[in-house]
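Structural features, examined
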Amino acid sequence: MLDQVYRKAVLTVTGNPNVEKIVRARGKGLVKRFVASEDIPGVLRAAKELEQDGIGAILDQLGEFIDSPEQCNEFAQQVLDLIEQAHAQGVEPYVSIKLSSVGQGKTVNGEDLGLTNARRIIRKASEYGGFVCLDMEDHPLVDLTLAQFRTLVGEFGNKAVGTVLQSYLFRSLKDRDSLDDLQPNIRMVKGAYLEPETVAYKDKADVDANYRRLVYQHMKAGNYTNVATHDEKIIDDVKHFALIHDIPRDQFEFQMLYGIRRDLQKDLALQGYRVRTYIAYGPAWYPYFTRRIAETPRNALFIVKGMLKG
Ligand SMILES: Cc1cc2nc3c(=O)[nH]c(=O)nc-3n(C[C@H](O)[C@H](O)[C@H](O)COP(=O)(O)OP(=O)(O)OC[C@H]3O[C@@H](n4cnc5c(N)ncnc54)[C@H](O)[C@@H]3O)c2cc1C
């Protein structure tokens with residue numbers, strides 16, 4: 001419950017345009033901890049550094065104020081450029097996209113623009129042996145995202161595209177069951193948005209318990225599972241679960257965010273687990289940055305200290 005209060009307070013404060021101005025003017029050093037770069041060469045450099053530690057990358061171009069169909073198409077084009085450049089530099093084109101950034105919900109030529117652009121991106125990534133994960137946004141977008149995910153798996157296969165389920169939502173276990181026929185590649189997360197109590201668990205213990213259920217059920221069903229958390233206790237439990245249920249190490253991976261628990265990421269890779277880091281980049285970093293700050297009270301202290309240092 002306290003987590004929710006903290007998250008709401010941080011997101012309210014950081015939503016204030018004056019606070020945003022201060023962070024943009026004086027917080028560059030702090031922002032760098034979570035946002036690798038503002039451009040493609042920078043994010044590819046970060047991916048190559050991780051590779052030296054045996055850690056893969058998920059490349060995420062950040063978007064903001066993307067509204068018109070033209071802007072959505074332009075954003076999709078930037079992701080296509082990213083895939084081209086990643087391939088050219090020998091970085092696996094494993095990307096994450098938010099369907100809303102590429103036109104989800106906008107009908108152009110009789111079809112949802114998000115679906116059209118997702119097809120362009122998945123086609124290009126597949127051409128180079130890459131992968132596209134459809135990030136999950138707030139709860140009003142879940143139905144459409146899962147329906148579009150089903151369509152895209154039907155067209156490109158479950159080795160080309162995956163999606164995300166959030167354990168704070170009451171509905172996610174049912175959603176997981178309903179997707180099982182696709183043998184889908186799913187990233188399990190706790191959830192990063194401010195959701196109403198009519199749709200989401202508010203107590204951390206409930207979110208964590210549901211997280212374990214989602215991961216275990218998905219693994220036991222024989223599906224590829226991306227365990228996307230920094231929660232060390234859950235990570236240990238998943239390792240144990242895999243061991244006692246004979247789930248091979250090539251059927252799951254641990255995923256974490258750039259700048260968070262780098263020590264743990266390296267450690268898991270050294271132990272022979274698959275590990276992948278989600279690297280967000282781009283000039284539109286502010287909303288992503290505020291969600292990271294809202295995730296743990298320790299970050300507020302980190303921000304205040306950084307700001308005082310100037
Ligand atoms: C690869 C990846 C992709 C994601 N994609 C999505 C998505 O598509 N949709 C979505 O809603 N959410 C997404 N998330 C975010 C996720 O929902 C959580 O908000 C986030 O991962 C924090 O939860 P946690 O599982 O680490 O557990 P928590 O219980 O929040 O944290 C466990 C511990 O991890 C550390 N930690 C966690 N967050 C931070 C932080 N910001 N700074 C410093 N330490 C931290 C702390 O030590 C904390 O005690 C993604 C997360 C990852 C790792």
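Up top is the structure.
Description of the structure in this document. (Residues numbered from 1 in each chain as written. Predicted model: local features only at pLDDT ≥ 70, side-chain atom pairs only at ≥ 80, totals over all residues. Heavy atoms only, no water.)

**Focus: the pairing of strand E7 (residues 186–189)**
So the rule is basically this: Only protein chains enter the accessibility calculation, which uses a 1.4 Å probe; a residue is then buried when its area is under 20% of its type maximum, exposed when over 50%, and partly exposed in between. A run of H or I in DSSP becomes a helix once it reaches four residues, and a run of E becomes a strand once it reaches two; helices and strands are each numbered from the N terminus. In this description, strands pair whenever DSSP reports at least two bridges between them. Seen with the strands pointing away from the viewer, any crossover whose path from the first strand over the helix to the second strand runs clockwise is right-handed.
The two faces of E7 match: Ile186 and Met188 on one face and Arg187 and Val189 on the other face are all buried. With four bridges connecting them, strand E6 (residues 161–166) and E7 associate as parallel partners. Bridging across to E7, Thr163 finds its partner in Ile186. Crossover connection from E6 via helix H8 (residues 172–179) to parallel E7: handedness right-handed. Note that E7 and strand E8 (residues 225–228) share three bridges and pair parallel. Looking at E8, one finds that Arg187 is bridged to Asn226. Once the chain exits E7 it traverses helix H9 (residues 204–220) before rejoining the sheet at E8, and the crossover so formed is right-handed.

**Side note on the pattern of salt bridges**
Basically, it comes down to this: Throughout this description, the term salt bridge denotes a Lys or Arg side-chain nitrogen within 4 Å of a carboxyl oxygen of Asp or Glu.
Counting across every chain of the model gives 23 salt bridges. The salt bridge partner of Arg276 is Glu92, with a shortest N-O separation of 3.0 Å. Of this pair, Arg276 sits in strand E10 (residues 275–281) while Glu92 sits in the loop between helix H5 (69–88) and strand E2 (94–97), and the two are 184 residues apart along the sequence. On the basis of relative accessibility, which here comes to 11%, the residue Arg276 falls in the buried class. Note that Arg176 is salt-bridged to Asp177, the shortest N-O span being 3.3 Å. What makes Asp177 partly exposed here is its relative accessible area of 46%.

Coordinates in, geometry out; function isn't part of it.
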